[in-house]
Amino acid sequence: MSHSKARLAVINELSYLPGDRRHMIVLIEEALEAMGVEIVHVTKASGYVPADAAFVHIDQSIISPEARTLALRYPASINAYATDIRKFRYIDGLLGRDDSCDAPVIVKSNLNYAGMPERDAARHEGPIGRRLLNRVSNRLRRQSKYAIRTKEDYRIYPTLSDVPRHYFRNDYVVQKFMPENDGEKNVLREYIFLGDLHYQNIERSDQLIITEDEHVSCKPFEPHPRLLATRRRLGLDYGKIDFTLINGAPFIFDANKTLGLGEYGDTAWLADDVAGMLRAFAGEVFRLVTAQQSGPKPDAQFLEAG
């Protein structure tokens, strides 16, 4: 290595701007810098910068081969193998047009965040990306009655037979709607992880589709084997899996590898337990980065789900 200080390369999408505080990784980076780790930001366009490890932090459902190749040049990497987290690959209760379900169902985009990250990325991918974005925008305008452009556009129907035929296509997923209740509130459980660290974050809301609301707790826990199996299937070293607990088992409906800071974009709102989780994550990354300075281990290419 041509650098003397422990260094982590964070691989971002092309649209990354210095000072961007949309994601929780910025808090992990700040903790690492306080520990003496240098953080460098790279993209597939800027190319390789020497470092002890790489952290792939690209907010898109499918990661390009170029980004994965870049990540695998480093002695160790986080999320280099999380290349496809489209919902059809892992969600529970996935329904097709010929299935039968007389209970409520929900329609969502197949891509995370209704494909917003992909549309944003297309603006930075040059003429080809902009042409693709224009085609998608034109198609959405033609299909405005059905378009799902944001998470607020997700739709709940009384039964599967009530779902318009339009949604039985690759852009969308139709899933059994399986909410969890706590009195009059609805519950969202998030399995949040990095390497061998496992936390359960719980939120409550009056809304059926929960994004951010009343924080209940964020504590270490023993994840259900199905949650670990989903991690392995998706190649996730860092991220979260959203689920409800139905008859003692997780019902999985979302996964993410770039945890957001929400609408606030700062740290003042963070609950103490969430802040503690992120400090623990920074310690895990510190261990990985500094381990490479004494020579990469044969099994240290990426953090394995525990």
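Structure's up top.
This section reports on the structure supplied with the text. What you see as residue numbers is a count from 1 along each chain, following the sequence as written. Side-chain atom pairs in this predicted model are given and counted only at pLDDT of 80 or more, local residue features only at pLDDT of at least 70, and totals for whole chains, interfaces and linings cover all residues. To get the side-chain values, take all heavy atoms of the structure and skip hydrogens and water.

**Let's talk about the sheet that holds strand β1 (residues 7-12)**
Being paired, for any two strands, means DSSP has found at least two bridges between them. Elements are defined by DSSP. Helices are runs of H or I of four residues or more, strands are runs of E of two residues or more, and each kind is numbered from the N terminus. Judged by pairing direction, the sheet is parallel, and its 4 strands sit side by side in the order β2-β1-β3-β4 without closing on themselves. Every other strand in the sheet has two partners, leaving β2 (38-42) and β4 (77-78) as the edge strands with one partner each. Sheet topology places β1 next to strand β3 (residues 53-57); 5 bridges connect them, and they run parallel. Paired with Val 10 across the bridge in β3 is Phe 55. Each of β1, β2 and β3 is contacted by helix α1 (residues 25-34), which is oriented at about 140° to β2, the strand it contacts most. Two residues form a contact once any of their heavy atoms are found within 4.5 Å. For helices, the axis comes from a line fit to the C-alpha atoms of the stretch in contact; other axes are also lines fit to C-alpha atoms, and the angle between any two N-to-C directions lies between 0 and 180 degrees.

**Quick notes on the side chain of Asn 256**
Mapped onto the elements of the fold, Asn 256 is located in strand β14 (residues 249-256). Of the polar contacts made by the side chain of Asn 256, one reaches the backbone nitrogen of Thr 258; its length is 2.9 Å. Excluding residues within four positions of it along the chain, Asn 256 makes contact with Ile 85, Asn 112, Tyr 113, Tyr 238, Gly 239 and Lys 240. Polar contacts here mean pairs of N or O atoms no more than 3.5 Å apart (in protein, one a potential hydrogen donor and the other a potential acceptor; neighbouring residues in sequence count only if both atoms are side-chain atoms).

**Focus: the packing of aromatic side chains**
Each aromatic ring pair is summarised here by two numbers: the centre-to-centre distance and the angle between the ring planes. Whether two aromatic rings pair depends on their centres lying within 6.5 Å, for rings of Phe, Tyr and Trp, where Trp uses its six-membered ring; planes under 30 degrees apart make the pair stacked, over 60 edge-to-face, and the rest tilted. Under the definition given, this model contains 8 aromatic pairs. Arranged with centres 4.7 Å apart and planes meeting at 45°, the rings of Tyr 191 and Phe 193 form a pair that is tilted. Throughout this description, buried means an accessible area under 20% of the type-specific maximum (1.4 Å probe, protein chains only), exposed means over 50%, and partly exposed covers the range between. On the basis of relative accessible area, Tyr 191 is assigned to the buried category, the value being 0%. Seen from their ring centres, Tyr 191 and Phe 221 are 5.6 Å apart, and the 70° between their planes marks the pair as edge-to-face. Pair noted here: Tyr 191 is in strand β10 (residues 185-194) and Phe 221 is in the loop between β12 (214-220) and α5 (225-234), with a separation of 30 residues, a long-range link. By way of ring pairs, the aromatic residues Phe 55, Tyr 199, Tyr 238 and Phe 281 are connected into one cluster. We call a charge positioned above a ring when the Lys NZ or Arg CZ atom is no farther than 6 Å from the ring centre and deviates by at most 35 degrees from the ring normal. Geometry around Tyr 48 places Arg 73 over its ring, the cationic atom sitting 4.1 Å from the centre.

**A look at the nonpolar core**
As used here, the term nonpolar core means buried Ala, Val, Leu, Ile, Met, Phe, Trp, Tyr and Cys residues forming a set that is joined through side-chain atoms within 4.5 Å. Counting 32 residues, the largest nonpolar core has Leu 8, Phe 55, Tyr 238, Leu 278, Phe 281 and Val 285 as its most contacted members. Broken down by element, this core gets its largest block of residues, 8 residues, from helix α6 (residues 272-291). Beyond its immediate sequence surroundings of up to four residues, Leu 278 is in contact with Met 24, Leu 27, Ile 28 and Leu 270. Core analysis: the second largest hydrophobic core is formed by 15 residues, Ala 82, Ile 91, Ile 241 and Ile 252 among them.

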